[in-house]
Amino acid sequence: MENKAPIVEVRHVSKCYHRGSQIIPVLQDITFDIGDGEFLALMGPSGSGKSTLLNLIAGIDKVDAGTITVGGIDITTLSEMDLARWRSVNVGFIFQFYNLIPVLTAFENVELPLLLTSLSKAERRAHVEMALRVVNLLDRMDHYPKQLSGGQQQRVAIARAIVTDPTILVADEPTGDLDRVSTGEIMELMDTLNTESGKTIIMVTHDPRAARKAHHIRNLDKGVLDSDAHP
Amino acid sequence: MKIPFSYSLRNLWTRRLTTTLTASGMALVVFVLAAILMLAQGLEKTLVETGSYDNVVVIRRSSVSEVQSAVERYQASIVETDPAVAIGDDGKRLFAKEILVLITLPKRGSNQPSNVAIRGISEESFRLRPQIKLLQGRMPRTGSAEIIAGVSVVKRFNGAEVGESLRFGMRDWTIVGVFDAGSTGFSSEIWGDADQLIQAFRRPVYSSLIFKLRDSAEFEIVRKRIENDPRLTLEAKRETQYYEEQSKMMAKFLRILGISLTVIFSLGAIIGAMITMYAAVANRIAEIGTLRALGFQRFSILIAFLMESLLLGLSGGLAGLICASLMQFVTISTVNFQTFSELEFAFSLNGEIIVTALSFSLLMGFVGGVLPAVRASRMNIVDALRES
Ligand SMILES: Nc1ncnc2c1ncn2[C@@H]1O[C@H](COP(=O)(O)OP(=O)(O)OP(=O)(O)O)[C@@H](O)[C@H]1O
Ligand SMILES: [Mg+2]
């Protein structure tokens, strides 16, 4: 698995935040690769910059220095509009609090990213049903988020993340808000997506049990990435 | 490419209470706007319907209405013999010399005096207004102090029932009938014999001449003939145009009043919508961040929130318009500025008013929603997602 060509190449990335006149360095000269089909867990203490790094790779935040190449495209050079278009095709998001749209049904939530494609209504339906089948929630497609348990909501969110068949899946503490049983289910699902569908997954987590499913664990501490560790 | 319409609609539905309250404010404004426009429209319609296209009204030059007009007897005779005047089956000229005077009568209920127009008519006056139907009693006899009252007069004033008598012009006049002229201005008049009224009011002149055209197309010719005749200081108008001009000033006044009131009231409704929409944006920051992360552009977010606000305005507009449309069943009476007499008319709704009212409600939605929508679209994705 180590020999696979990198799908994400992070090169000399630095990032800092400004709070008033104060400059807070978050990431310092980070360089690493993520192989195609890899399942990477990013760990580290709170405030170490894990989410920031993930957001940069996912193209929702801008680097101060360095480059990030995903699937051969240097996303640090894209304009805001191009970056939005790029995300809709290449990135599947899984959030800690699921971030489903409360007024849309499970089906409609999963369909949302497909509205940005040129697929017909029938094609969209087929894709949505397939994604919901993968997460085993086809029978709940007409339910609204508040009618679903946390674990079920996260599975809908995973269906939404995979429905466009993106290049990478990014997950920021996907089990952070779940109980032990649901955490197990979600990690099982992520593992299946990785091993059976070959999805590249980058996951930020605090939970060592969740990280156990990953192939690689990388630790971030005070904005510096330490070397590889295997679970 | 766009966020589905149902997203905006369902968000409004989810916060029904706020939506209802905000929309009610807008509904009130639209109601006021529509009602006043319907009033102006009703007034115009009533007066326009009062006239017939083929009838010509002749009054003294530059007197705005019959009330201010004076036509000498010899002038009346000149016009009467004009070849353009139609001749009835019985060989009589369809021509009438009329006088219009105002009297005051106590209104029903309040007993407050108000002006009523009395029209002195001649023999052919009824034939020139075929829309007039006698509801009760009989026609007044020529040369007698008998009068008939329009239905609106009977309804609104004391002592105007058949068999009662009214005192004016230092004489008692017996009401022998009640007539209905539909939704026209004549329903708000009392009719009696012209020559009797001339005597009673000691007015040696007529107010107007009215005749039916032999050929409708001849109007311009006869108008020029009358207006260029040096013996006549008169002007001729089609009856429809004459009444339309009478309604103009009042209708314009009502419209200006309606729009000014609405603009002032709408400020409140717009601020209400703005507060609601700012709250909606504030409650959905993480959601906005999510949509942006998924790849929706800033512009799509802007449109989604603007749509929500426009829908809010539209629902208020529809509610206001529905309430206003019920006003169609209400008739009111007011003093017409041009004749100073009471005129009864109904609120009248038409397509133009519907379009105006709904456009205005959309405008309120737009003005109230644009700033919140811009704020929503300006948000930074990462900051927005942190709000989870
Ligand atoms: N928008 C911002 N403005 C100012 N400082 C920020 C901003 N976003 C992040 N930071 C700071 O950057 C640092 C890294 O934040 P980040 O969210 O990446 O940490 P994290 O490793 O994900 O932490 P956690 O495990 O608590 O989620 C923190 O010190 C945080 O306070
Ligand atoms: Mg974090």
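J.: Help me get a handle on the overall build of chain A, residues and values and all.
T.: The helix and strand tally for chain A stands at seven helices and 10 strands. The principal-axis extents of the C-alpha atoms in chain A amount to approximately 50 × 45 × 40 Å. For chain A, the proportion of its 231 residues judged to be buried stands at 55%. In chain A, once contacts between residues fewer than 6 apart in sequence are set aside, the share between residues at least 24 apart is 68%.

J.: Outline the pairing of strand E4 (residues 65-70) of chain A, supporting the account with residue identities and numerical values.
T.: All names here are of chain A. For strand E1 (residues 6-19) and E4, the ladder comprises five bridges, and the chain directions are antiparallel. Of the residues in E4, the one forming a bridge with Ser 14 is Ala 65. As paired strands, E4 and strand E5 (residues 73-74) are joined by two bridges and run antiparallel to one another. Bridging from a neighbouring strand, Thr 69 pairs with Asp 74 of E5. In textbook terms, the turn of a hairpin is the stretch between consecutive antiparallel strands, and for E4 and E5 this stretch comprises two residues, one of which, Gly 71, has a positive phi near 55 degrees.

J.: Hey, could you go over the packing of helix H2 (residues 16-50) of chain B against helix H8 (residues 239-283) of chain B for me, with residue numbers and the actual values?
T.: Relative orientation and spacing of two packed helices are given, respectively, by the angle between their axes and the distance between those axes. Residues and elements named next belong to chain B. Running from amino to carboxyl end, H2 crosses H8 at an angle of 175 degrees, the nearest separation of the two axes being 7 Å. Put simply, H2 runs roughly antiparallel to H8. A per-class count over the contact of H2 with H8 returns 21 nonpolar, 13 polar and four charged.

J.: Which residues make up helix H1 (residues 5-14) of chain B, and what values do they have?
T.: For the α-helix, the turn length of 3.6 residues means that residues three or four positions removed from each other point alike. Residues and elements named next belong to chain B. The set of residues buried in H1 consists of Tyr 7, Ser 8, Asn 11 and Leu 12. For H1, the angular spread of the buried residues around the axis is 130 degrees, confining them to a single face. For H1, the exposed residues lying more than 90 degrees away from the buried face are Trp 13 and Thr 14.

J.: Which residues make up the site of ligand 1, and what are the values?
T.: Neighbouring residues of ligand 1: 15 residues in total, closest Ser 46, Lys 50, Ser 51 and Thr 52 of chain A together with Arg 386 of chain B. More than one chain approaches ligand 1, the contributing ones being chains A and B. Arg 19 of chain A places a side-chain nitrogen or oxygen 3.3 Å from a nitrogen atom of ligand 1. Between ligand 1 and the protein, one listed contact pairs a nitrogen atom with a side-chain N or O atom of Arg 386 of chain B at 2.5 Å. About the coverage of ligand 1: the protein hides 75% of its 630 Å² of free accessible area. When atom positions are compared with the pocket grids, ligand 1 is found to occupy the largest pocket. Of all the secondary-structure elements, those providing two or more residues to the shell around ligand 1 are E1 and helix H1 (50-57) of chain A.

J.: Let's hear about the confidence of the model for chain A: which residues, and what values?
T.: Averaged over chain A, the pLDDT score is 92; the fraction of residues at 70 or greater is 96%. Looking at the elements of chain A, mean pLDDT is at its lowest for strand E10 (residues 224-225) of chain A, recorded as 76, and at its highest for helix H3 (residues 106-111) of chain A, recorded as 97.

J.: An account of the pattern of salt bridges is needed here, citing residue identities and associated values.
T.: The final tally for this structure, using the stated rule, is 39 salt bridges over all chains. Between Glu 185 of chain A and Arg 155 of chain A there is a salt bridge whose closest N-O contact spans 3.4 Å. One end of the pair, Glu 185 of chain A, is in helix H6 (residues 180-197); the other, Arg 155 of chain A, is in helix H5 (residues 150-162), and 30 residues separate them in sequence. Judged by relative accessible area, which is 38%, Glu 185 of chain A ranks as partly exposed. The buried category is assigned to Arg 155 of chain A, whose relative accessible area is 14%. Close ionic contact of Arg 127 of chain B with Asp 90 of chain B constitutes a salt bridge, the shortest N to O distance being 2.7 Å.

J.: Describe the nonpolar core, with residues and values.
T.: Residues and elements named next belong to chain B. Counting residues in each nonpolar core, the largest one holds 51 residues, and the members touching the most others are Leu 43, Ile 132, Phe 179, Phe 186, Trp 191 and Met 364. Put simply, the parts of the chain that give this core at least two residues each are H2, strand E1 (55-60), helix H4 (125-128), strand E7 (171-180), H8, helix H10 (298-326), strand E12 (342-346) and helix H11 (351-378). With 14 residues, the single largest contributor to this core is H2.

J.: Provide a residue-level description of the interface of chain A and chain B, including the pertinent values.
T.: Chain A puts 25 residues into the contact, and the matching count from chain B is 22 residues. Around 2200 Å² of area is buried between chain A and chain B when both sides are counted, 62% of it from carbon and sulfur atoms. Considering only the surface of chain A that becomes buried against chain B, Ile 60, Val 103 and Leu 116 of chain A emerge as the three largest contributors, covering 25% of it. Where chain A meets chain B, there are three salt bridges. Between Glu 80 of chain A and Arg 292 of chain B there is a salt bridge, and its shortest N-O distance comes to 4.0 Å. Where chain A meets chain B, there are seven residue pairs in polar contact (both at pLDDT 80 or more). Per-element accounting of the side of chain A that touches chain B gives the leading share, six residues, to helix H2 (residues 80-90) of chain A. Here the residues of the side of chain A that touches chain B are counted per class, giving 15 nonpolar, four polar and six charged.

J.: Just give me the short version of the sheet that holds E5 of chain A, but keep the residues and values in it.
T.: Residue and element names in this part refer to chain A. Strand order in the open sheet formed by four strands is E2-E1-E4-E5, with antiparallel pairing between adjacent strands. In this open sheet, the two strands that pair with only one neighbour each are strand E2 (22-35) and E5. Relative to E2, E1 runs antiparallel, the two sharing 10 bridges. The partner of Pro 6 across the bridge, within E2, is Gly 35.

J.: With reference to specific residues and values, describe the sheet that holds strand E7 (residues 168-172) of chain A.
T.: Residues and elements named next belong to chain A. Read from one edge of the open sheet, six strands run E6-E7-E8-E3-E9-E10, paired in mixed fashion. Both edges of this open sheet fall to strand E6 (91-94) and E10, since each of them pairs with a single strand only. Examined bridge by bridge, E7 and strand E8 (residues 200-204) share five bridges and lie parallel to one another. Within E8, the residue paired with Leu 169 across the bridge is Ile 201.

Basis of the calculations
Here the residue numbering is sequential within each chain, running from 1 through the sequence in written order. Here chains are named by letter from A upward and ligands by number from 1 upward, in the order in which they appear as written. In keeping with the predicted nature of the model, local features appear solely for residues at pLDDT of at least 70, side-chain atom pairs appear and are counted solely at 80 or more, and the whole-chain, interface and lining totals rest on all residues. Side-chain metrics rest on all non-hydrogen atoms present in the structure, leaving aside hydrogens and water. Secondary structure elements are taken from DSSP: a helix is a run of H or I of four residues or more, a strand is a run of E of two residues or more, and numbering for both begins at the N terminus. Exposed residues in this analysis have more than 50% of their type's maximum accessible area, buried residues have under 20%, and partly exposed residues fall in between, with area computed by a 1.4 Å probe over protein chains only. The criterion used for residue contact is that any of the two residues' heavy atoms lie within 4.5 Å. Only when DSSP finds a minimum of two bridges between them are two strands counted as paired. Throughout, an axis means a line fitted to C-alpha atoms (over the contacting stretch in the case of helices), and angles, computed between N-to-C directions, take values from 0 to 180 degrees. Note that the term roughly parallel is reserved for angles under 35 degrees, roughly antiparallel for angles over 145, roughly perpendicular for angles of 65 to 115, and oblique for everything else. Lys, Arg, Asp and Glu make up the charged group, whereas Ala, Val, Leu, Ile, Met, Phe, Trp, Tyr, Cys and Pro make up the nonpolar group; the residues left over, Gly among them, are polar. Relevant arc is that of directions from the helix axis to the C-beta atoms, nothing else. Put simply, a residue is near a molecule or strand once any heavy atom of it comes within 4 Å of that molecule or strand. What qualifies as a polar contact is a pair of N or O atoms within 3.5 Å, subject to a donor-acceptor requirement within protein and to the restriction that residues adjacent in sequence count only when both atoms come from side chains. Areas reported as accessible are Shrake-Rupley estimates using a 1.4 Å probe. Residue values count occlusion only from the protein chains shown. Cavity and pocket criteria rest on a 1 Å grid covering protein atoms alone: a 1.4 Å probe that fits but cannot get out defines a cavity, protein on both sides within 12 Å along at least 5 of 7 lines defines an open pocket, and an atom within 4 Å of a point defines a lining residue. What decides whether a molecule sits in a cavity or pocket is whether more than half of its atoms lie within 2 Å of the grid points. Known as pLDDT, the predictor's confidence for each residue is given on a scale from 0 to 100. In what follows, salt bridge is the name for a side-chain nitrogen of Lys or Arg lying within 4 Å of a carboxyl oxygen of Asp or Glu. What makes a nonpolar core is a set of buried Ala, Val, Leu, Ile, Met, Phe, Trp, Tyr and Cys residues whose side-chain atoms join them at distances within 4.5 Å. Accessible surface is computed with a 1.4 Å probe, and the buried area is the amount of it that two parts give up when combined, taken over both parts together.

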